[in-house]
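Residue strings, one per chain:
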Amino acid sequence: MTGARALAAWTGPALAAAVVAGITAGTAVAPVLLLSAALAPLVALLQPARAPAAPHAVTLALTAVVAALLLWAHVALLADTATLLGAGRAQAVVLALALALLVGLVPGAGRWCAVVGGLGGVALLLVLVDAAATVGVAPWTAWREAAARPAVVFGARSPWVRDGERLVRGATLAFDEGHRVVAVTRGTLRVVEADGARRVVRDWRLAAGDAVSLRPADTLVAEAGSRLRFEPGKRVPGAAASGSAWADAATRAPLAQVVGLAVTLLLGAVALVPAGGRRAAAAPAIVLVFALGTAAWGVYAAVVAPESGLAGSPAEALLAPARSATPGGELSPGALTIVVVVGLLALFVAAAGALRDRVAETGGRRWPEAWMTAVIAAGLAGLVDVVDPWTPLAAGLGVAAAALAAPRLAGADGAWIGPWPAAAVGGLVGVAVFAAVAALGAGLPAPLAVLRDLPALAAAPAAWVIVKVLRREAGETR
Amino acid sequence: MSADRGRRIAVVVLVLLLSLPPLALLLPGSPATVRVAGVGVLWWYAALAAPLLGAALATVILRRASR
């Protein structure tokens, strides 16, 4: 298997967008997310090749669930991109579904998908080069400039200032200074006014072009689809207070969150990326380009469009460098945006092809039905606009970690516990613990709160222990 | 050194590289806030040094395996 084919399930559009958006917004876990996205697939490539697990309906179902969740994340990202560009969410979902299903119909699709993914990566690198030319400095200088901003404010050329921009998801925006917000389209905005300790809630029904004035400490609640215009030079609501706060957020990251994220991505990669063989020697270079590219992309987006998190989708940060390009440049912002969209679609095709490979490798006669079900489920879920791409991405990687990687690391592949393959037993325990922790997470005490967001931290050890214990007992009774 | 042993050592090194930022968060004096050439040392590490080291190590191990 070539390096590109081995990695395609990892370097999908949802993970790239999550890394870029995290860096642009200056989230506390952004460096660890970037680091894990770079190192986890390398660990997976170097894992020893194992005997494949015996085909079983349970392992097939678990792999299909992981594929469905990850496809959902990618489809949601593409649908968000379409929404930001003014197209319909359903149109993007139908296009993504058609591409994913086509992957299954084309002979030798696996090889072609990797080539398509590589071309998509090259297309995105072209946009990155253009962004570097627009900003005019190296990424580390851009980082320094972003960290030196006295405040994170709307630029004069921001689409949120010029024509107004659409919220992909409902948002609650907290204002630190007075701001006049214009509703570009008709709608209702809720303003929670801070009157000393008292809160006054007012619903404003606005016609297109009407404005609401917000005072410091006021909060604006807007529904998904609302199109709003902000004032240039004013602080971006919800963004870091200053460049310094943006730069240093990572040094205040909660340790449990950092560890949970790293473990989830590490084990998720072990489940998704196969051990590197003879032809995978180029794979580390692909991982390196992915890491350096997403890091530079995130920093440039922070410089040219610091408001990129406002729409509620990571797709906004991905589109930011293209949309902020100089209109008189060699490639217009419109052309660059098309290149980004084509690049994302290519990465999606590659990821879909690789996920289909993982489902097929699980074996059994029924894998085509399982793959088809995963694709359709992902498409239907992608229509739901309230779920951001990170949620199914984290869930997919978490289930992969708990239900596929942990049993494998416990030596489940090729082993049996009574009449059941050990991989199926461990997988069932892993997914059951994952679902239980995710469902009951709200009631967990504060020190265990990290499990609510990253249940794999509890589910993966549970699956590992159960396989180890049951295998030993099965061995003793024989 | 056998290919399998080389792989195991490389995996341990990669996991150590991944573990350094959480360990840095535990150290007194906030070493992660130090800046080198104006950029946070944590960002130099996560965006450049660790991916470069990791990719170089993995390339060496995979090339040895393919001989």
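Predicted model only: the values in this text are computed from it and were never measured. Here the residue index of a chain counts from 1 through its sequence in written order. All chains are assigned letters beginning at A, and all ligands numbers beginning at 1, according to the order in which they are written. Since the coordinates come from a predicted model, pLDDT governs what is reported: local features require at least 70, and pairs of side-chain atoms require 80 or more to be given and counted, while whole-chain, interface and lining totals use all residues. Values shown for side chains rest on all heavy atoms present in the structure; no hydrogens or waters enter the calculation.

1. Section: the overall build of chain A
Let me state the cut-off plainly: The secondary structure listing takes helices from DSSP runs of H or I that are at least 4 residues long and strands from runs of E that are at least 2 residues long, numbered from the N terminus. Throughout, a residue-residue contact means that at least one pair of heavy atoms, one from each residue, lies within 4.5 Å. For every accessible area listed, the method is Shrake-Rupley and the probe measures 1.4 Å; residues are considered covered only by the protein chains on display. For the purpose of counting charges, residues Lys and Arg are taken to be positive, whereas Asp and Glu are taken to be negative. His and the chain ends are not included. For this purpose, a charge sits on NZ of Lys, CZ of Arg, CG of Asp or CD of Glu.
What chain A contains, in helices and strands, is 18 helices and ten strands. A separation threshold of at least 6 residues defines the contact pool for chain A, and within that pool the share at least 24 residues apart is 82%. Approximately 18800 Å² of chain A is accessible, and the part contributed by carbon and sulfur atoms is 64%. Seen as two clouds, the 36 positive and the 27 negative side-chain charges of chain A have centres 6 Å apart.

2. Focus on the sheet that holds strand β7 (residues 219-222) of chain A
All names here are of chain A. Applicable threshold: Whether two strands pair comes down to DSSP finding at least two bridges between them. Simply put, an axis is a line fit to the C-alpha atoms, just over the touching stretch for a helix, and the angle between two N-to-C directions goes from 0 to 180 degrees.
The antiparallel open sheet is built from four strands, whose spatial order is β2-β7-β4-β5. If you trace the sheet from one side to the other, it starts and ends with β2 (171-174) and β5 (198-206), each paired once. Sheet twist, expressed as the mean angle between neighbouring strand axes with direction ignored, is 20 degrees. Bridge count between β2 and β7: four bridges; the pairing is antiparallel. The residue of β7 that forms the bridge with Ala-171 is Ala-222.

3. Considerations on the packing of aromatic side chains
Quick reminder of the rule: Aromatic pairs are defined between Phe, Tyr and Trp rings, using the six-membered ring for Trp, whenever the two ring centres lie within 6.5 Å; interplanar angles under 30 degrees are classed as stacked, those over 60 as edge-to-face, and all others as tilted. Remark: exposure states derive from per-residue accessible area (1.4 Å probe, protein chains only) relative to the maximum for the residue type, with buried under 20%, exposed over 50%, and partly exposed in between. By definition here, charges over rings are those cases where NZ of Lys or CZ of Arg is within 6 Å of the ring centre and within 35 degrees of the ring normal.
Overall, the coordinates contain five aromatic pairs over all chains when judged by the stated rule. With a centroid separation of 5.6 Å and 50 degrees between ring planes, the pair formed by Trp-143 of chain A and Trp-246 of chain A is classed as tilted. In this pair, Trp-143 of chain A is assigned in helix α7 (residues 139-147) and Trp-246 of chain A in helix α9 (residues 243-248), connecting sequence segments 103 residues apart. Ring geometry for Trp-143 of chain A against Trp-43 of chain B: centres 6.5 Å apart, planes inclined by 55 degrees, an arrangement best described as tilted. Here Trp-143 of chain A, found in helix α7, pairs with Trp-43 of chain B, found in helix α2 (residues 41-66), and the two come from separate chains. On the basis of relative accessibility, which here comes to 7%, the residue Trp-43 of chain B falls in the buried class. An aromatic cluster is built from Trp-143 and Trp-246 of chain A together with Trp-43 of chain B, whose rings are joined through pairwise contacts. Just above the ring of Trp-246 of chain A sits the side chain of Arg-149 of chain A; from NZ or CZ to the centre is 5.4 Å.

4. Some points on the packing of helix α3 (residues 30-46) of chain A against helix α11 (residues 283-304) of chain A
All names here are of chain A. How we decide: An angle below 35 degrees is treated as roughly parallel, one above 145 as roughly antiparallel, one from 65 to 115 as roughly perpendicular, and anything else as oblique.
Contact pair α3 / α11: the axes reach a minimum separation of 9 Å and the direction vectors enclose 175 degrees. The orientation of α3 relative to α11 falls into the category roughly antiparallel. Between α3 and α11, the contacting residues are Leu-34, Ala-37, Ala-38, Pro-41, Leu-42 and Leu-45 on the first element and Ala-283, Pro-284, Val-287, Phe-290, Ala-291, Thr-294 and Ala-295 on the second.

5. Let's talk about the confidence of the model for chain A
Which entries qualify depends on this criterion: Every residue is assigned a pLDDT by the predictor, reflecting its confidence on a scale from 0 to 100.
The pLDDT averaged across chain A works out to 91; a share of 98% of its residues lies at or above 70. Taking the mean pLDDT of every element in chain A, the minimum, 79, falls on helix α1 (residues 3-7) of chain A and the maximum, 97, on helix α2 (residues 13-25) of chain A.

6. Describing the nonpolar core
All names here are of chain A. The criterion, for reference: What makes a nonpolar core is a set of buried Ala, Val, Leu, Ile, Met, Phe, Trp, Tyr and Cys residues whose side-chain atoms join them at distances within 4.5 Å.
By size, the foremost hydrophobic cluster in this structure holds 176 residues, and its most contacted members are Trp-10, Leu-220 and Phe-230. The element best represented in this core is helix α4 (residues 57-84), accounting for 19 residues. When sequence neighbours within four positions are dropped, the list of residues in contact with Trp-10 reads Leu-15, Ser-36, Ala-37, Ala-40, Pro-41, Leu-265, Gly-268, Ala-269, Leu-272, Val-273 and Leu-397. Counting eight residues, the second largest nonpolar core, distinct from the first, contains Ala-410, Ala-415, Val-425 and Val-467.

7. Some remarks on the confidence of the model for chain B
All names here are of chain B. Residues of chain B with pLDDT of at least 70 account for 96%, and the chain-wide mean is 89. Element-level mean pLDDT values for chain B span from 91 in helix α1 (residues 3-26) up to 93 in strand β2 (residues 39-40). The ipTM for the predicted assembly is 0.95, set against a pTM of 0.95.

8. Overview of the interface of chain A and chain B
Cut-off, in case you're wondering: By definition, the buried area sums, over both parts, the 1.4 Å-probe accessible area that each loses when the two are put together. Put simply, a salt bridge is a Lys or Arg side-chain nitrogen that is within 4 Å of an Asp or Glu carboxyl oxygen. Identification of polar contacts relies on pairs of N or O atoms within 3.5 Å, with a donor-acceptor requirement for protein atoms, meaning one able to donate a hydrogen and the other able to accept it, and with residues adjacent in sequence counted only if both atoms are side-chain atoms. Gly is placed with the polar residues, together with every amino acid not listed as nonpolar (Ala, Val, Leu, Ile, Met, Phe, Trp, Tyr, Cys and Pro) or charged (Asp, Glu, Lys and Arg).
Tallying the contact residues gives 40 residues for chain A and 36 residues for chain B. Taken together, the two surfaces of chain A and chain B that pack against each other cover about 3300 Å², and 78% of this comes from carbon and sulfur. Sorting the residues of chain A by area buried against chain B places Leu-35, Leu-46 and Trp-143 of chain A first, and these three jointly supply 21% of that buried surface. Taken together, chain A and chain B are joined by one salt bridge. A salt bridge links Asp-248 of chain A to Arg-35 of chain B, with the nearest nitrogen and oxygen atoms 3.3 Å apart. The tally of links from chain A across to chain B stands at five residue pairs in polar contact (both at pLDDT 80 or more). Among the elements of the structure, α3, α7, α9, α10 (255-272) and α11 of chain A are those that each provide at least two residues to the side of chain A that touches chain B. Examining the composition of the side of chain A that touches chain B, we find that twelve residues originate from one element, α3 of chain A, more than from any other. Across the side of chain A that touches chain B, the residue classes tally to 31 nonpolar, six polar and three charged.

9. Focus: the pattern of salt bridges
All names here are of chain A. The tally for this structure, following the rule as stated, stands at twelve salt bridges over all chains. A salt bridge links Arg-89 to Asp-80; the shortest N-O distance between them is 2.8 Å. You'll find Arg-89 and Asp-80 in the same group, each marked buried. Here Glu-193 and Arg-202 are joined by a salt bridge, their closest N and O atoms 2.9 Å apart. Judged by relative accessible area, Arg-202 falls into the partly exposed class, the value being 38%. One salt-bridge network, held together by shared partners, links Glu-193, Arg-202, Arg-215 and Asp-218.

10. Here's the deal with the packing of α10 of chain A against helix α15 (residues 390-409) of chain A
All names here are of chain A. Our working rule: Two helices crossing with the near one rotated counterclockwise from the far one by less than a right angle form a left-handed crossing, whereas a clockwise rotation gives a right-handed crossing.
Contact geometry of α10 with α15 gives a least axis separation of 7 Å together with a crossing angle of 65 degrees. Judged by the angle between their axes, α10 and α15 are roughly perpendicular. As for the relative orientation of α10 and α15, their crossing is left-handed in sense. Contact residues: α10 offers Leu-261, Thr-264, Leu-265, Leu-267, Gly-268, Val-270, Ala-271 and Leu-272, while α15 offers Trp-390, Ala-394, Leu-397, Gly-398, Ala-400, Ala-401, Leu-404, Ala-405, Arg-408 and Leu-409. Among the residues making up the contact of α10 with α15, the classes are represented as 14 nonpolar, three polar and one charged.

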